[in-house]
Amino acid sequence: MNLDLDEATRARLAQARALGEREMRPLGLEADRLGRPTPADHPFFQRLVQLGLGRTRWTGEGDTEADRAAAGAAPGGASAGAARGGGAVANLLVAEELSYWDRGVAVSFPGPGLGEAPVSAMGTPEQKERFLGPFRAPDRPRWGAFAMTEPGAGSDVAGIRTLARRVAGGWVLHGDKSFAANASRADWIVVFATVDPKRGREGHRAFVVERGTPGLGDFHVEHKMGLKAYESTSFTLRDCFVPDENVLGARAGAASDTGARGAGGPGPPPGGEARAGFKGAMQSFNATRPAIAAMAVGMGRAALDESLRFAREQGLLRDARVRDRLERVRRKLHAARLLCWRAAWLADERRPNVLEASMAKAVAPAAALEAACLGMEILGEAGGRGDHLVEKLFRDAKAMDIVEGTGQIQRIVMARQLVGLPREER
Ligand SMILES: Cc1cc2nc3c(=O)[nH]c(=O)nc-3n(C[C@H](O)[C@H](O)[C@H](O)COP(=O)(O)OP(=O)(O)OC[C@H]3O[C@@H](n4cnc5c(N)ncnc54)[C@H](O)[C@@H]3O)c2cc1C
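Residues numbered from 1 in each chain as written. Predicted model: local features only at pLDDT ≥ 70, side-chain atom pairs only at ≥ 80, totals over all residues. Heavy atoms only, no water.

S.K.: I tried to follow the overall build of the chain on my own but got confused; where do I start?
M.R.: When helices and strands are counted, the chain shows 13 helices and 7 strands. The contacts of the chain with a sequence gap of at least 6 include a subset with a gap of at least 24, amounting to 76%. (Helix = DSSP H or I, 4+ residues; strand = E, 2+ residues; numbered from the N terminus. Contact = heavy atoms within 4.5 Å.)

S.K.: I'm lost on the site of the ligand in this one. Help?
M.R.: Among the 18 residues in the neighbourhood of the ligand, the closest are listed as Met-148, Thr-149, Ser-155, Phe-179 and Thr-406. Separating an oxygen atom of the ligand from a side-chain N or O atom of Ser-155 is a distance of 2.6 Å. Between an oxygen atom of the ligand and a main-chain N or O atom of Ala-181, the distance comes to 3.0 Å. About the coverage of the ligand: the protein hides 64% of its 980 Å² of free accessible area. When contributions to the shell around the ligand are tallied by element, the ones reaching two or more residues are β1 (144-147), β3 (170-181) and α13 (407-418). Here the shell around the ligand is composed, by residue class, of 11 nonpolar, 6 polar and 1 charged. (Near = heavy atom within 4 Å. Polar contact = N/O pair within 3.5 Å; in protein donor to acceptor, adjacent residues only side chain to side chain. Areas by Shrake-Rupley, 256 points an atom, 1.4 Å probe, with all protein chains shown as cover. Nonpolar A, V, L, I, M, F, W, Y, C, P; charged D, E, K, R; others polar.)

S.K.: Hey, could you run me through the pattern of salt bridges in this one?
M.R.: Any two side chains of opposite charge can pair, so long as their charged atoms come close to each other. One pass over the structure, following the stated rule, counts 31 salt bridges. Between Arg-136 and Glu-129 there is a salt bridge, with its nearest N and O atoms 3.4 Å apart. Take Arg-136: its relative accessible area is 30%, and that puts it in the partly exposed class. Put simply, Lys-332 and Glu-370 hold a salt bridge, and the shortest N to O gap is 3.0 Å. Linking Lys-332 in helix α9 (residues 320-348) with Glu-370 in helix α10 (residues 354-379), this pair joins segments that are 38 residues apart in sequence. Accessibility expressed as a relative area gives 25% for Glu-370, which makes it partly exposed. Members of the salt-bridge network, linked through shared partners, are Arg-17, Glu-96, Glu-97, Arg-301 and Arg-337. (Salt bridge = Lys/Arg side-chain N within 4 Å of Asp/Glu carboxyl O. Buried < 20%, exposed > 50% of the residue type's maximum accessible area, 1.4 Å probe, protein only.)

S.K.: I would appreciate a short explanation of the packing of aromatic side chains in the present structure.
M.R.: Aromatic rings in a pair are described by how distant their centres are and how their planes are angled relative to each other. Counted under the stated rule, the structure contains 9 aromatic pairs. Centroid distance Phe-45 to Trp-143: 5.2 Å. Interplanar angle 85°. Geometry classified as edge-to-face. Residue Phe-45 is found in helix α2 (residues 43-50), and its partner Trp-143 is found in the loop between α6 (125-131) and β1; the two are separated by 98 residues along the sequence. On the basis of relative accessibility, which here comes to 0%, the residue Phe-45 falls in the buried class. Take Trp-143: its relative accessible area is 3%, and that puts it in the buried class. (Phe/Tyr/Trp six-rings, centres within 6.5 Å; stacked < 30°, edge-to-face > 60°.)

S.K.: How should the nonpolar core be read in this particular structure?
M.R.: Phe-44, Leu-173, Ile-189, Phe-207, Val-209 and Phe-235 are the most contacted members of the largest nonpolar core, which totals 85 residues. What Phe-235 contacts, discounting residues up to four positions off in sequence, is Ala-147, Asp-176, Lys-177, Ala-180, Ala-183, Ile-189, Val-191, Leu-216, Gly-217, Asp-218 and Phe-219. With 16 residues, the next largest nonpolar core counts Leu-132, Val-157, Trp-188 and Phe-192 among its residues. (Core = buried A, V, L, I, M, F, W, Y, C linked by side-chain atoms within 4.5 Å.)

S.K.: Looking at this structure, I do not really get unusual backbone geometry. What am I missing?
M.R.: Peptide bonds are trans in most cases, and residues, glycine excluded, mostly fall at negative phi. Of note, the phi angle at Asp-218 is positive, near 50°, even though the residue is not glycine. Residue position: Asp-218 is located in strand β6 (residues 216-221). On the accessibility criterion, Asp-218 (57% relative accessible area) is exposed. We note that Leu-227 has phi near 50°; this positive angle belongs to a residue other than glycine.

S.K.: What is the right way to look at the confidence of the model for the chain in this model?
M.R.: Parts of the prediction with low pLDDT should not have their coordinates interpreted in detail. The share of residues in the chain with pLDDT of 70 or more is 85%, and the mean pLDDT across the chain is 87. Looking over the chain, one finds the lowest element-wise mean pLDDT in helix α3 (residues 65-70), namely 47, and the highest in strand β7 (residues 232-243), namely 98. Long-range and interchain partners of residues 68-82, a stretch whose pLDDT sits below 50, account for 22 contacts in this model, where long-range means more than four residues apart. Long-range and interchain partners of residues 252-269, a stretch whose pLDDT sits below 50, account for 36 contacts in this model, where long-range means more than four residues apart. (pLDDT = per-residue confidence, 0-100.)

S.K.: Help me understand the pairing of strand β4 (residues 188-194), please; the structure alone is not making it clear to me.
M.R.: For a regular strand, the rule is simple: side chains alternate between the two faces of the sheet. β4 sits mainly inside the fold: 7 of its 7 residues count as buried. Burial along β4 is two-sided: the face carrying Trp-188, Val-190, Phe-192 and Thr-194 and the face carrying Ile-189, Val-191 and Ala-193 are both buried.

S.K.: So what exactly am I meant to see when it comes to helix α4 (residues 88-108) here?
M.R.: For the α-helix, the turn length of 3.6 residues means that residues three or four positions removed from each other point alike. Across its 21 residues, α4 extends only 20 Å between first and last C-alpha, which sits more than 12% below the 30 Å expected from 1.5 Å per residue. The principal kink in α4, of about 125°, is found at Asp-102. For α4, the tally of buried residues reaches 21 of 21 residues, placing the bulk of the element in the interior. (Expected span 1.5 Å × (residues − 1). Bend = angle between axes of the 7 residues up to and from the residue.)

S.K.: So what exactly am I meant to see when it comes to the packing of helix α1 (residues 7-34) against α2 here?
M.R.: Where α1 meets α2, the axes come as close as 12 Å, and the angle between the chain directions of the two elements is 155°. The pairing of α1 with α2 is recorded here as roughly antiparallel in orientation. As α1 packs across α2, the resulting crossing turns out to be left-handed. Contacts from Leu-19, Glu-23, Met-24 and Leu-27 in α1 reach Phe-44, Arg-47 and Leu-48 in α2. Looking at the contact of α1 with α2, its residues break down into 5 nonpolar, no polar and 2 charged. (Axes fitted to C-alpha atoms, helices over the stretch in contact; angles between N-to-C directions. Parallel < 35°, antiparallel > 145°, perpendicular 65-115°, else oblique. Left-handed = near helix turned anticlockwise from the far one by under 90°.)

As structure tokens, then:
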């Protein structure tokens, strides 16, 4: 595994560091103190757009990482051997650095967000142009969002209940979604709904629901214990009509079917093949779990640095037990980081990384939490007062074990893999 950084990656890291220190850390602390997300019209977001951030990785030629993976690109593509400016390793390093300064602010950045992967992997060329095109060189801060989770379906995604009913020219969606990042400020939200709850994941389809669509509403920003700088939002879909052109993965002709073939009747519902392609691509070359894990590493590093600073100021580093505990945390963060890099490097090499991605996701948030917990112990009453960065990191870090598959779910995936069981059923 060669992790030499190229110039483009070094430049991105330097930019992340400068931005993080100057703007992200103070913004994150402010949002935490005020207990609300950074408003969408904050000048910070406009500045990010001017810096060329908040863009899609889709270039207009169908070549995002997900596209290439879905197309079964050969191993050892352009990124083979080193962290190139736009590959999974490079993105992961930048994500770690941004999260070192403030993970909540990092997720609030404009961009298509988690909605980018399904659009680029399942969308037709026209859909990519419509939904990702405006993110190529945005004129203003724009957001996309991704809504899978529901009040009654988190880990068990097969249990989603938002219903998609076939009507002439499109679909009618009805249901409730929760905890979708940046949803109320998004131009569009990729909403997962089921054409038939009895079919489990086989019944799932992805719909791009655009802002202002009648029936999309009741946006409610959730109260969170940490990561307050970005909004996690619940919303409702009440008989919300979505035209066929907004169904991801719909094959020509299939999406215009009406009646029986649509809502659970005989024959495959539209979008099945492309959906399977998306699923396969996401499972084989998982780039999001290692990135989330790397964010946790960044947060753990921040907790360690702040704890070290405090311990030094208070003269605590003369105690070998304190030194030993701090070093133990560093060791665990370092090991977690290597797991993240390995998983992302495999993704860049177009090699399956499901196991490594789960390992990174299972290990890194736990290491970050340990770093923050130790920091709280070292701080003592200074931590208990609730106004120290370590205390904020202690609250921020917990969510990293929950998002993108909880630690428990990762352990289930790994244990099943160990004994040769298929991945999906528990
Ligand atoms: C800060 C934050 C941001 C988020 N952002 C988004 C977003 O942008 N879009 C989106 O769609 N969702 C988002 N989510 C939702 C997130 O994906 C879910 O919270 C997560 O999948 C867990 O689901 P749940 O909260 O319903 O917990 P549950 O699934 O109810 O799990 C509760 C507990 O039970 C355990 N458990 C569950 N099933 C099993 C099992 N079979 N065996 C053993 N243990 C099990 C879990 O590990 C967990 O400890 C976000 C959540 C948070 C906290």
